[in-house]
Every structure is written in C-alpha cells, then in structure tokens.
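# Understanding the architecture of this molecule
Listed here are the chains, written in short residue letters.
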Amino acid sequence: MADTVREIERKYEAGKDTGAARLPDLSGAAPVSTVTDEGVRELDAVYYDTADRRLAAAGITLRRRTGGPDEGWHLKLPVAEPATPGARDETRAPLTVSAIPRALTSLVRSRTRDVPLAPLMRIVSRREVRHLLAEDGTLLAEASTDTVTATRLTDGNLTDGNLTDGTTDAKASAHWTEIEIELAEGADPALLDTLDPLLRKAGLRPSKAPSKLARALRETGLGEPPRRTAAGPAAKAPAGDHVLAFLRAQAEAVVALDPGARLGTEDAVHQMRVATRRLRSSFRSYGKVLDRRATDPLGQELKWLAAELGVDRDREVLAERLRERLDELPRALVRGPVRARLRTWSTAGRRGSRRRLTAVLDSARYLTLLDRLDALLADPPLREAAAGPPGAVLAKAMLRDYGRLAGRVEHALATAPGHDRDTALHDARKAAKRARYAAEAATPALGKEAKRFAQQMKSVQTLLGDHQDSVMARGTLRAIAAEAEGAGEPTFTFGVLYGREERRAEQDERELPGLWERVAERISAVSLR
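Remember, it's a predicted structure, so these values are computed and weren't measured experimentally. (Residues numbered from 1 in each chain as written. Predicted model: local features only at pLDDT ≥ 70, side-chain atom pairs only at ≥ 80, totals over all residues. Heavy atoms only, no water.)

### What about the overall build of the protein chain?
Across its full length, the protein chain carries 15 helices and 11 strands. Across its three principal directions, the C-alpha atoms of the protein chain cover 80 × 65 × 45 Å. Within the protein chain, the proportion of its 529 residues that are buried is 49%. (Helix = DSSP H or I, 4+ residues; strand = E, 2+ residues; numbered from the N terminus. Buried < 20%, exposed > 50% of the residue type's maximum accessible area, 1.4 Å probe, protein only.)

Next comes the structure, spelled out in structure tokens:
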C-alpha cells in the first residue's frame, strides 16, 4: 500500500561569509511559542533514476530511506502550479521489499516508459531535529540541521538496500550542511515567510538546489540534468517555433499530469484530457506548419486517449449539474427518493473506474503514443510556412478557424429547433474550442489581440457548452426516470428537472444570436498582424 501527503518545506544553506549553517533560536517568532529538542536521527537514502536521469530532469525524486519515523520508499512529485513554493506531493510505501514498489514505479511510468530504474546516489544525513510548537503545544513545523554526505553510485548493485563492494566511487562524493524547515500537516504556509527573516539574519540563504539530490548531482560531478523551462521563443521567432513550443507544453502536461490522474488528484484527469485536445486541435489548425500526413495518425490516438479520460469526467460534470438543479427546486416538487436515485446513477459508472483508467495509462498503446509524440517533437515534420513570420502564418490559421466556426454557427441558427439543431450547435462548440486553442498557441507571438480573440472564442464555447450539457442532462434524466418507474418510484421530479433543462437550452439558443453578433463585431476590430 502507498499513501500520499503534501510536503511543504524550505531549505537553507550558509551564506558566503557565514561558515557552517546553524539553526538560530526561532522561539518567540509568532506563532511559535517554544522549540523542543527531538534528538538526532541517522538517515540513509539511496536515490533511483534512469541512466539519462529522466526523473531528476522533471524535478522528481525516488528514494529508499532507512532511519527516522517515516522510513520507507518515498516518491516526491512536483505540484503543478503550487500556490505555495516548496510544495511537493510525497507518496510513501513501506520497506517490505527491496525492489521498488510497483505502486511507485507506475507513478513515474510516463517518464521512464520501458527504461529501467537503477541506484544513482546514496545520501547519508545526520539530522538534528527541533520541533516548533504553538502555545497550546500543537506542532507547527520541524526544523532540522542536516550534515550531509552524498556519494555517487557507479554500478547500482544493492542487496536489501545496502551497498556492496565496488558500487561507489569514493572520489565522487560531496559534503555539506543545510537547514530544512518542513511544515506540519495543516500548518499555515505563512509561517515559512515569518521565519525567513530570522534565518536570513543568522547568515542563511535559501538553498540554490531544490533538493538534496539536485545538489548531490551537481557537487559529485554529474551536473544537474537539463530542465524544461517555461520560456518560449522570442515573439518574432518563426511561426513554427511558436507552434512547437505550444505543442511541447501540452505534451509535457500530459506526462506531468499522469501521476495525479492515477492517484485521483483533483482535476488532474480533466486537465490531462484538455492537454490531449489542445494537441490534436493544434495539429489540425496548424496543418500549414506541420505536415498532417504525420500528425493525423497521432491525432487519432489522442482522440482515443481523450475519450478514455472523459468516461468518468463527463459523468461527474453531469452529476454535479443535476444535483445543483435538484437543490434549486422547492421541497414540495421533490417527490420520492430522487437524490438516492441520482447517487446510484452517479456511482454506478465509477465502479472500477480507477482500475480501468490505470489500465489505460499502463497500456502499450498509451506508452507508444507518448513515444511517438516525443519523436515527432524532436524531429518535427515542418512545412514551408513554419519558417514564415508569425504575424502572417498564425493569424491566418486563427482566422481560418474562425471562418469555420462562423459557418457552423450560421448553419445551427438556420436549423429548426430539435435534434438536428442540437447536433449543429455541438459541432459549433467544437469549432469554437479549436479556434480558441489556435489563439492560445499564437498569443506569445501576437500578444493581447490573440488573447482577446481567445477570450471571445471561449465565450461562445461556454454558452454552447452549457447547451450541450443540457442536451446530455435531458437524455440522462429520461434514462433515470425509466429506472425509477421500473422500481415503482415517483417520476414527477425528473419531469420537472427535464422541463427546466429544456427551458435552459431554449434560453441559450435565444442568447446565441446576440452573443455571436457581439463576437463578430469584436473579432472584426482585432488586428492580428
């Protein structure tokens, strides 16, 4: 079994003219009331990675550590866009086996693929521990002084976590002292900001390395692996550079969100699905930049992945919508076990869903898709327009998508209300989404005008999305009502909800002409060149 905790910490090292790093007295720094000495711990950790250090390049650490109250296997993953610096999600597994637990290897499979993990570094720390307590004795944080010895491993032979002869290079070792402040579970992250001035006043400075492993790699001569940066190409770079930068960001998002999707992290599956859609949409929008003979087959695989990721997400969104609509009803209109029936429907599709999703993410088809994406982005099938100026190439693609959307909106508005119009509006929604993604890819090059374009496309997408949700809700309500009727339960409330959804869809359809007119006026005023 493995469990995951959110870790929030800051590391400090001695300043240039300070000498050894020493922990100052932190008692009295509100809300810290007292500091207790918790003794010394001996920690011995072996870190694992691929030969080309894929985990380190992604800011991930995987270790087997003995000593301390939390000894075991630890996998630390970066938190996507953390609200608090220094936050990482740590998944732990017990020391029941010497081999890396499958529960952890699966969480890094999107990085490692079929490349084996092997011992990379041994880090031994002598940790002097202090607990920072509130006035009522509540633990706020753990402050530790770590005297560290890092030794590079050369052949990776380990027996039950212990090094055998000849596995270390004695010349490739490093020694340092660092201070670590780790928040207790539930503690206010603002405490780290409160303590920071006291630590700096004592001659400490924030560590340049984000982790012990990163520092060990640098100081033992391996060097830190290249990290993918968020910085994109210059605004005036060729159009192909901007398209590729957007595609690489989305491909990285798919890989980075994979662990969260497996763990059930909030919104991870949804954001992973969005990234796959952005990739597929951009392949199509920028067919003048990248050869579609190469990208279309990948697009089909991305469509498959998005569909697999959407199985639970669509049901969750619909269930939430129906619960909200039910909450809006006066109590007198709720007849029978409506909430129980909705819960039954909502949970029925989730049985075994985590196992199904994990099977998809472990499948050869998914891993092959990731490999093919990497290969395409490493050697992109660029067409002549890729070398052109972004102001012309990217803007032309955006306007082409906009024209496609305009045609679909006009067709939908000209279609009589009913199933055919519902289908036409859904097609228009997909076109709005594609135009929006094209604008997002172009925004770094074209600036605020492309950003405004994307916002207008999002407004159309939002309204049409609400309409499509209403269509799906009505179909679901009919199905649930049939089940309730078969069980001898009242179906009155489902009919009321159906009628309200029908009116909601009619309202969206009434609002669309005015919204589209405003969007068309604003788009005509946008200068994308």
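After that view of the structure, there is still more to cover.
### Here's the deal with the packing of aromatic side chains
For the coordinates displayed, the defined rule picks out 3 aromatic pairs. Here Tyr48 and Trp73 contribute two aromatic rings whose centre-to-centre distance is 5.5 Å and whose plane-to-plane angle is 50°, an arrangement assigned as tilted. In this pair, Tyr48 sits in strand β2 (residues 34-49) while Trp73 sits in strand β4 (residues 72-78), placing the two residues 25 residues apart along the sequence. You'll find Tyr48 and Trp73 in the same group, each marked buried. (Phe/Tyr/Trp six-rings, centres within 6.5 Å; stacked < 30°, edge-to-face > 60°.)

### Considering the environment of Arg383
Note on placement: Arg383 falls in the loop between α11 (364-378) and α12 (390-414). Separated by 95 residues in the primary sequence, Arg383 and Lys288 place their C-alpha atoms 6.4 Å from one another. Once residues lying within four places of it in the same chain are set aside, the contact partners of Arg383 are Gly287, Lys288, Val289, Leu290 and Asp291. (Contact = heavy atoms within 4.5 Å.)

### A look at unusual backbone geometry
Cis geometry marks the peptide bond from Ala30 to Pro31, where omega comes out at 5°. Counting through the fold element by element, Pro31 comes out in the loop between β1 (3-14) and β2. The backbone phi angle of Arg113 is positive, close to 55°, even though this residue is not glycine. Inspection of the secondary structure assignment puts Arg113 in the loop between α3 (109-112) and β6 (118-133). Residue class for Arg113 comes out buried when judged on its relative accessible area of 11%. For Asp267, which is not glycine, the phi dihedral falls at a positive 70°.

### Focus on the pairing of strand β3 (residues 61-66)
When you tally the buried positions in β3, you get 5 out of 6 residues, the bulk of the element. Here 5 bridges tie β2 to β3, and the two strands are oriented antiparallel to one another. When the bridges of β3 are listed, Asp44 appears paired with Thr66. In the sheet, β3 pairs with β4 via 5 bridges, with the strands oriented antiparallel. When the bridges of β4 are listed, Arg64 appears paired with Trp73. (Pairing = 2+ DSSP bridges.)

### Quick look at the nonpolar core
Burial of nonpolar side chains together is a common tendency in soluble globular proteins. Ranked by internal contacts, the top residues of the largest apolar core, which has 67 residues, are Tyr286, Tyr366 and Met398. Take this core: its biggest share by element is 12 residues, from helix α13 (residues 419-446). Counting residues in each nonpolar core, the second largest holds 23 residues, with Ala14, Ala21, Ile179 and Ile181 among its members. (Core = buried A, V, L, I, M, F, W, Y, C linked by side-chain atoms within 4.5 Å.)

### Topic: helix α14 (residues 448-486)
Between the first and last C-alpha of α14 there are 56 Å, a value that for 39 residues agrees with the 57 Å anticipated at 1.5 Å per step. Positive backbone phi, approximately 80°, marks Gly488, located one or two places after α14. (Expected span 1.5 Å × (residues − 1).)

### Digging into the packing of helix α6 (residues 239-263) against α11
Angle between the axes and distance between the axes are the two parameters that describe a pair of packed helices. Where α6 meets α11, the axes come as close as 11 Å, and the angle between the chain directions of the two elements is 155°. In terms of orientation, α6 lies roughly antiparallel with respect to α11. For the pair α6 and α11, the sense of crossing is left-handed. Of the residues in α11, those touching α6 at Leu244, Leu247, Arg248, Ala251, Val254, Val255 and Asp258 are Tyr366, Leu370 and Leu377. Class assignment of the residues belonging to the contact of α6 with α11 gives a composition of 8 nonpolar, no polar and 2 charged. (Axes fitted to C-alpha atoms, helices over the stretch in contact; angles between N-to-C directions. Parallel < 35°, antiparallel > 145°, perpendicular 65-115°, else oblique. Left-handed = near helix turned anticlockwise from the far one by under 90°. Nonpolar A, V, L, I, M, F, W, Y, C, P; charged D, E, K, R; others polar.)

### With respect to the environment of Ala29
Inspection of the secondary structure puts Ala29 in the loop between β1 and β2. With 169 residues separating them along the chain, Ala29 and Leu198 place their C-alpha atoms 8.4 Å apart. Setting aside its immediate chain neighbours within four residues, Ala29 contacts Leu195 and Leu198.

### Regarding the confidence of the model for the protein chain
Per-chain confidence: the protein chain averages 90 in pLDDT, with 91% of residues scoring 70 or above. Residue range residues 156-167 is modelled with pLDDT below 50. Its contacts to residues more than four positions away, or to other chains, number 23 contacts. (pLDDT = per-residue confidence, 0-100.)

### Quick word on the pattern of salt bridges
The tally for this structure, following the rule as stated, stands at 52 salt bridges. Between Arg92 and Glu90 there is a salt bridge, with the nearest N and O atoms lying 2.5 Å from each other. Owing to a relative accessible area of 23%, Arg92 belongs among the partly exposed residues under this scheme. We classify Glu90 as buried; its relative accessible area is 1%. With a closest N to O distance of 3.6 Å, Arg127 and Glu180 form a salt bridge. Here Arg127, found in strand β6, pairs with Glu180, found in strand β10 (residues 168-183); they are 53 residues apart in sequence, far enough to count as distant. One exposure class covers both Arg127 and Glu180, and it is buried. (Salt bridge = Lys/Arg side-chain N within 4 Å of Asp/Glu carboxyl O.)

### A few points about a positive patch on the surface
Residues Lys288, Arg383, Lys396 and Arg400 make up a contiguous surface patch of positive charge. Within the secondary structure layout, Lys288 lies in the loop between α7 (268-285) and α8 (292-328). (Patch = residues over 30% accessible without salt bridge, like charges linked within 9 Å, V, L, I, M, F, W, Y side chains within 5 Å. Areas by Shrake-Rupley, 256 points an atom, 1.4 Å probe, with all protein chains shown as cover. Lys, Arg positive; Asp, Glu negative; His and termini not counted. Charge placed at Lys NZ, Arg CZ, Asp CG, Glu CD.)

### Considerations on the side chain of Glu301
As for its position among the elements, Glu301 is in helix α8. A polar atom in the side chain of Glu301 sits 2.8 Å from the side chain of Arg365. The residues contacting Glu301, other than those within four sequence positions of it, are Arg365, Leu369 and Arg372. (Polar contact = N/O pair within 3.5 Å; in protein donor to acceptor, adjacent residues only side chain to side chain.)

### Topic: the pairing of β6
Direction of pairing for β2 relative to β6: antiparallel, over a ladder of 14 bridges. Among the inter-strand pairings, Thr36 is bridged to a residue of β6, identified as His131. Between β6 and strand β7 (residues 139-153), which pair antiparallel in sequence order, lie 5 residues; one of them, Gly137, sits at a positive phi of approximately 90°.

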